[in-house]
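Here is what each chain is made of, one letter per residue.
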Amino acid sequence: MSTLRADVAIIGAGIGGMCAGALLSRAGRKVLVLEKSPLPGGRYTSVQYKGFTIPTASWMLLYGTSDPVYLTLEEIGAPPIEMRAPGTPVARYRINGRIYDWPPKGALRYLMEKAAGDPEEANRVMGALAQAMAHPPTESISFRDWLLRSTRNEAIHGIFQAQIATWCGMNAHDLPAREFIRALLSFRGRDTFRIPRNGLKDIIDALGAAVRAGGGEILTRTKATGIMVEKGIARGVTALRGSEAITIEARMVVSNIGPKKTVELAGREHFGEAYLRQAAEMRPAVGMDYLFITDRPLLDFPGTLYTTDTIRKEGWSVPTLMWPEHAPAGKHLLHAFAVPENIDSYDPVREYRILLQDLHTVFPDFEGAGGKLLLRRNFCGEWPCTRARQGQDMSHRTPIENLYNVGDGVKPPGWIVGAGAAQSGRIVAQEIIEALG
Ligand SMILES: Cc1cc2nc3c(=O)[nH]c(=O)nc-3n(C[C@H](O)[C@H](O)[C@H](O)COP(=O)(O)OP(=O)(O)OC[C@H]3O[C@@H](n4cnc5c(N)ncnc54)[C@H](O)[C@@H]3O)c2cc1C
């Protein structure tokens, strides 16, 4: 058995762990990142698949130049990464069979007016939203039930359902109203999304380079098997590197594998009842993700088309309009993301059948464009949309001294998806830098 030493051992090279690792390295700390798979990045990188560049899950820096990932790259002084933004419109909405651009200003009101055909109805909802943004609801009520107080118009409900599904991997009837209001606020004053030339692998490469520049390493094919705890203090990590057992002695341990797995690795006896209950009750946000190949682009803009009048309310895009080199010459990708009605129990095959119905409603010429399936994926369980549903995130701190969690099970309030995972990494890096002095 060999023993390695580091200031900080990070379990998992997801975006949360990599942001924390890069910032700590930049601050002069020796960091070892353990990653069980052959590639770093987890659900936040890109790979080659049958001639296409596709994401392992996440596509984009959601908030562009205001994304915590982007800010991290700036802070570590990473060389510039070529990224593209969608331009205008950033989104379109299909409402009652017609397509509307998302205008740069007053978009929600505009779309609701189109949906209801009645400015008064839109006014009522806008008033309620403004009120909720000023004083977020404290009662435990789903966004759908909250919205029903202002409108029963299903087309208006469809607009919000499409956003909630695409952004959060949940439904309006699952998501607490308070959390949706926070998510809406999170987009205020922030940049639109961006995608790097080679997909998110460019980001992970840059963060990895920062770790190595600080004298650290990313140990791939290295699975953490335990977190060493003595007298309530984390002391390091045990791992299997191939078939070799290794020990990493570290002053701080950061886990990027979710609170539940953190508990398993450290041992339940170190955590109080409340912590164990919260970790056990955490449920993942889920979603069905589809990639189709076509001979020509089925949209004429590189943003997202939200469909509010389909069976599931999906987000659709043609990422190859932004980066044609992500497909072989003469081919395009059509991407769709949909959330089942019951996120606790669903049949992926039935969901695919529903998606195909929606696909033909939205793109009647799919076959004419040579459309065929490249890949369909069900993001759930240990490879979910997010490890904690919005509103179920735990603290990044643990009852064990010098042990922290990062990732999308500990997103700070108001932060969603990978941006939230990255933000947790930034917060933890800052706390460790201060603690180590
Ligand atoms: C279809 C889809 C689209 C999405 N689109 C976006 C988007 O556009 N923008 C966005 O910001 N977010 C998006 N997200 C969400 C985003 O992908 C995740 O929130 C984010 O990637 C989670 O990162 P994480 O830090 O929690 O780490 P994870 O990605 O969960 O990484 C954890 C890593 O730990 C490793 N690991 C696990 N166990 C061990 C062990 N015992 N030892 C060592 N290593 C271990 C895993 O292999 C993995 O690499 C999307 C999600 C889905 C499903």
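Please read these numbers as outputs of a predicted model, since none were measured by experiment. (Residues numbered from 1 in each chain as written. Predicted model: local features only at pLDDT ≥ 70, side-chain atom pairs only at ≥ 80, totals over all residues. Heavy atoms only, no water.)

Brief notes about the packing of aromatic side chains
The description of an aromatic ring pair rests on the distance of the ring centres and on the angle between the ring planes.
Argument step 1. One pass over the structure, following the stated rule, counts 16 aromatic pairs.
Argument step 2. Judged by centre distance (5.4 Å) and plane angle (25°), the ring pair of Phe143 and Trp146 falls under stacked. Of this pair, Phe143 and Trp146 both sit in helix 5 (residues 143-148), 3 residues apart, which is roughly one turn of that helix. The residues Phe143 and Trp146 share a single accessibility class, namely buried.
Argument step 3. Judged by centre distance (5.3 Å) and plane angle (55°), the ring pair of Phe143 and Phe160 falls under tilted. Remark: Phe160 occurs in helix 6 (residues 154-168) and Phe143 occurs in helix 5; sequence separation between them is 17 residues. Summarising the burial analysis for this pair, Phe143 and Phe160 share the class buried.
Argument step 4. By way of ring pairs, the aromatic residues Tyr63, Phe143, Trp146, Phe160, Trp167, Phe180, Phe187 and Trp415 are connected into one cluster. (Phe/Tyr/Trp six-rings, centres within 6.5 Å; stacked < 30°, edge-to-face > 60°. Helix = DSSP H or I, 4+ residues; strand = E, 2+ residues; numbered from the N terminus. Buried < 20%, exposed > 50% of the residue type's maximum accessible area, 1.4 Å probe, protein only.)

Here's the deal with the site of the ligand
Argument step 1. Not every one of the 33 residues close to the ligand is listed here, only the nearest: Gly16, Glu35, Arg43, Met60 and Asp408.
Argument step 2. Computed on the free molecule, the ligand has an accessible area of 1000 Å², of which 94% lies beneath the protein chains in the complex.
Argument step 3. Put simply, the parts of the chain that give the shell around the ligand at least two residues each are helix 1 (15-26), strand 10 (222-230) and helix 12 (417-436).
Argument step 4. Looking at the shell around the ligand, the element that brings in the most residues is helix 12, giving 4 residues.
Argument step 5. Residues belonging to the shell around the ligand are distributed by class as follows: 17 nonpolar, 9 polar and 7 charged.
Argument step 6. Counting the residues that make up the shell around the ligand, at least three belong to each of domain 1 (2-82 + 197-282 + 388-436) and domain 3 (287-379). (Near = heavy atom within 4 Å. Areas by Shrake-Rupley, 256 points an atom, 1.4 Å probe, with all protein chains shown as cover. Nonpolar A, V, L, I, M, F, W, Y, C, P; charged D, E, K, R; others polar. Domains from an automatic or database assignment.)

Points about the nonpolar core
Argument step 1. If you look at the biggest cluster of nonpolar residues, it comprises 47 residues, and the most contacted ones within it are Ile95, Leu129, Phe143, Trp146, Ile159, Phe160 and Phe180.
Argument step 2. Those elements giving two or more residues to this core turn out to be strand 6 (91-95), helix 3 (107-116), helix 4 (119-134), helix 5, helix 6, helix 7 (177-187) and helix 12.
Argument step 3. With 9 residues, the single largest contributor to this core is helix 6.
Argument step 4. Apart from residues lying up to four places away in sequence, Phe160 is in contact with Leu108, Met112, Val125, Leu129, Phe143, Leu147 and Phe180.
Argument step 5. Residues Val31, Leu61, Met83 and Ile203 belong to the second largest nonpolar core, which totals 36 residues. (Core = buried A, V, L, I, M, F, W, Y, C linked by side-chain atoms within 4.5 Å. Contact = heavy atoms within 4.5 Å.)

Comments concerning the pairing of strand 2 (residues 31-34)
Within a regular beta strand, the side chains point alternately toward one face of the sheet and then the other, so they alternate between its two faces.
Argument step 1. Covered by surrounding structure in strand 2 are Val31 and Val33 together with Leu32 and Leu34, the residues of both alternating faces.
Argument step 2. Sheet analysis places strand 1 (residues 2-11) next to strand 2, joined by 4 bridges and oriented parallel. For Ile11, the partnering residue across the bridge sits in strand 2 and is Leu34.
Argument step 3. Regarding topology, helix 1 serves as the crossover connection from strand 1 to the parallel strand 2, and that connection is right-handed.
Argument step 4. Pairing of strand 2 with strand 9 (residues 217-219) involves 3 bridges; the strand directions are parallel. (Pairing = 2+ DSSP bridges. Right-handed = clockwise from strand over helix to strand, strands pointing away.)

A few points about the state of the cysteines
Argument step 1. As enumerated under the stated definition, the model contains 0 disulfides in all.
Argument step 2. Here Cys19 stays unpaired: no disulfide links it, and the sulfur of Cys385, its closest cysteine neighbor, is 18 Å away.
Argument step 3. Cys385 takes part in no disulfide bond, and the closest cysteine sulfur, belonging to Cys168, lies 8.2 Å away. (Disulfide = S-S within 2.5 Å.)

Topic: the environment of Asp408
Argument step 1. Along the chain, Asp408 falls in the loop between strand 18 (403-405) and helix 12.
Argument step 2. Since its relative accessible area comes to 7%, Asp408 is described here as buried.
Argument step 3. With 11 residues separating them along the chain, Asp408 and Ala419 place their C-alpha atoms 8.7 Å apart.
Argument step 4. Within the local environment of Asp408, its side chain forms a polar contact with the backbone nitrogen of Arg387, the two atoms lying 3.1 Å apart. (Polar contact = N/O pair within 3.5 Å; in protein donor to acceptor, adjacent residues only side chain to side chain.)

What to know about the pattern of salt bridges
Argument step 1. Taken as a whole and assessed by the stated rule, the structure comprises 27 salt bridges.
Argument step 2. Here Asp191 makes a salt bridge to Arg194, at a shortest N to O gap of 2.9 Å.
Argument step 3. Under the relative-accessibility criterion, Arg194 is labelled partly exposed at 22%.
Argument step 4. Here Arg387 makes a salt bridge to Asp408, at a shortest N to O gap of 3.9 Å. Here Asp408 lies in the loop between strand 18 and helix 12 and Arg387 lies in the loop between strand 17 (372-379) and strand 18, a separation of 21 residues in the sequence. For the pair Arg387 and Asp408, one class covers both residues: buried. (Salt bridge = Lys/Arg side-chain N within 4 Å of Asp/Glu carboxyl O.)

A closer look at the domain arrangement of the protein
Argument step 1. Domain annotation for the protein reports domain 1 (2-82 + 197-282 + 388-436), domain 2 (105-187) and domain 3 (287-379).
Argument step 2. For domain 1 and domain 3, the distance between their C-alpha centres works out to 31 Å.
Argument step 3. Every contact between the two is made by 15 residues of domain 1 and, on the other side, 19 residues of domain 3.
Argument step 4. Taking both partners together, domain 1 and domain 3 bury about 1400 Å²; carbon and sulfur atoms supply 64% of that area.
Argument step 5. When residues of domain 1 are sorted by the area they lose upon contact with domain 3, Phe52, Trp59 and Arg197 head the list and together hold 45% of the total.
Argument step 6. Linking domain 1 with domain 3 are 2 salt bridges, by the criterion used here.
Argument step 7. Put simply, Arg389 and Asp344 hold a salt bridge, and the shortest N to O gap is 2.8 Å.
Argument step 8. Counting across the interface, domain 1 meets domain 3 through 7 residue pairs in polar contact (both at pLDDT 80 or more). (Buried area = accessible area lost by both parts, 1.4 Å probe.)

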